[in-house]
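Observations on chain architecture
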Amino acid sequence: MSEELVVLLAADGTRIGTEPKASVHTANTPLHLAFSCYLYDGEGRILMTRRALGKKTWPGVWTNSFCGHPGADESFEDAMVRRAGQELGAAIGGIRPLLPDFAYRAVDASGIVENEVCPVFAARIAGDLEPNPDEVAEYAWVAPADLLAAAKATPFAFSPWLLEQIAQGSLDDPLP
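How each quantity is defined
- Residues numbered from 1 in each chain as written.
- Predicted model: local features only at pLDDT ≥ 70, side-chain atom pairs only at ≥ 80, totals over all residues.
- Heavy atoms only, no water.
- Helix = DSSP H or I, 4+ residues; strand = E, 2+ residues; numbered from the N terminus.
- Rg over C-alpha atoms; globule rule 2.2 N^0.38 Å.
- Buried < 20%, exposed > 50% of the residue type's maximum accessible area, 1.4 Å probe, protein only.
- Contact = heavy atoms within 4.5 Å.
- Areas by Shrake-Rupley, 256 points an atom, 1.4 Å probe, with all protein chains shown as cover.
- Lys, Arg positive; Asp, Glu negative; His and termini not counted.
- Charge placed at Lys NZ, Arg CZ, Asp CG, Glu CD.
- UniProt positions renumbered as here; feature names shortened; annotations may be inferred.
- Polar contact = N/O pair within 3.5 Å; in protein donor to acceptor, adjacent residues only side chain to side chain.
- Salt bridge = Lys/Arg side-chain N within 4 Å of Asp/Glu carboxyl O.

Some points on the overall build of the protein chain
- Within the protein chain, the regular secondary structure consists of 4 helices and 12 strands.
- The C-alpha radius of gyration computed for the protein chain amounts to 15 Å, which stays within 12% of the reference 16 Å derived for 176 residues, consistent with globular compactness.
- Sorting the 176 residues of the protein chain into buried and exposed places 47% on the buried side.
- Across the protein chain, the fraction of contacts at a sequence separation of at least 24, relative to all contacts at a separation of at least 6, is 66%.
- A total of about 8300 Å² of accessible surface is found on the protein chain, and carbon and sulfur atoms cover 54% of it.
- If the 13 positive side-chain charges of the protein chain are averaged to one point and the 24 negative ones to another, these points end up 3 Å apart.

Some words on the UniProt feature "binding site: Mn(2+)" (unreviewed entry) in the protein chain
- Per the UniProt record, "binding site: Mn(2+)" (unreviewed entry) is found at His25, His32, His69, Glu114 and Glu116. Despite a sequence span of 92 residues, these residues sit close together in the fold, their greatest C-alpha distance being 12.3 Å.
- Counting through the fold element by element, histidine 32 comes out in strand E3 (residues 32-33).
- Those residues in contact with histidine 32, other than ones at most four positions away along the chain, are Val6, Val7, Leu8, Leu9, His25, His69, Glu114, Asn115, Glu116 and Val117.
- Engagement of the side chain of histidine 32 in a polar contact is seen with the side chain of histidine 69, the distance being 3.4 Å.
- Within the secondary structure layout, histidine 69 lies in the loop between strand E7 (66-68) and helix H2 (76-88).
- On the accessibility criterion, histidine 69 (7% relative accessible area) is buried.

Some remarks on the pattern of salt bridges
- Under the defined criterion, the tally for this structure stands at 8 salt bridges.
- As a salt-bridge pair, glutamate 87 and arginine 83 come within 3.1 Å of each other at their nearest N and O atoms. Of this pair, glutamate 87 and arginine 83 are both found in helix H2, 4 residues apart, which corresponds to roughly one turn of the helix.
- On the basis of relative accessible area, glutamate 87 is assigned to the buried category, the value being 7%.
- By relative accessible area, which is 8% here, arginine 83 ends up buried.
- One salt-bridge network, in which partners are shared between bridges, spans Lys55, Arg83, Glu87 and Glu135.

Quick look at the environment of aspartate 146
- Inspection of the secondary structure puts aspartate 146 in helix H3 (residues 144-153).
- A relative accessible area of 51% places aspartate 146 in the exposed class.
- Between the alpha carbons of aspartate 146 and arginine 45 there is a distance of 9.6 Å; along the sequence they are 101 residues apart.

If you want it as structure tokens, here you go:
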């Protein structure tokens, strides 16, 4: 298996190179490209995942369905299909943008920084779900209104990027 690389970005969003994913997330994480995705089922519910306790950053917090980094020559759509399979054991379809210009910077309790231009997408799950335990501790299908209420009542239980995405309208136009 080849080493996973993340795409580094200049402040204006220009691609300026790559760096190994394993070494990029530190107290001085450079700006890089990522994505977040909300998966919907046939009932309009969103798949929420709780990050595995062994994750380097934000272990054990609830977050959107899955996240990842596109490769240097990989489209967001291809990266999401790849990552949904790796993280959730799931096939996806009907990908559409929700927050195409989303970016954030957050510091974990351990001091590790996330510093990402991270477009947000929605997609439909197309088949069964078999989460990778190295990525996902548990999961739940929730109605968007219930997610909003939970995030408001217990923000400490959720990832900072999820809270910012909600504040910027990621749940305003759910999939039909």
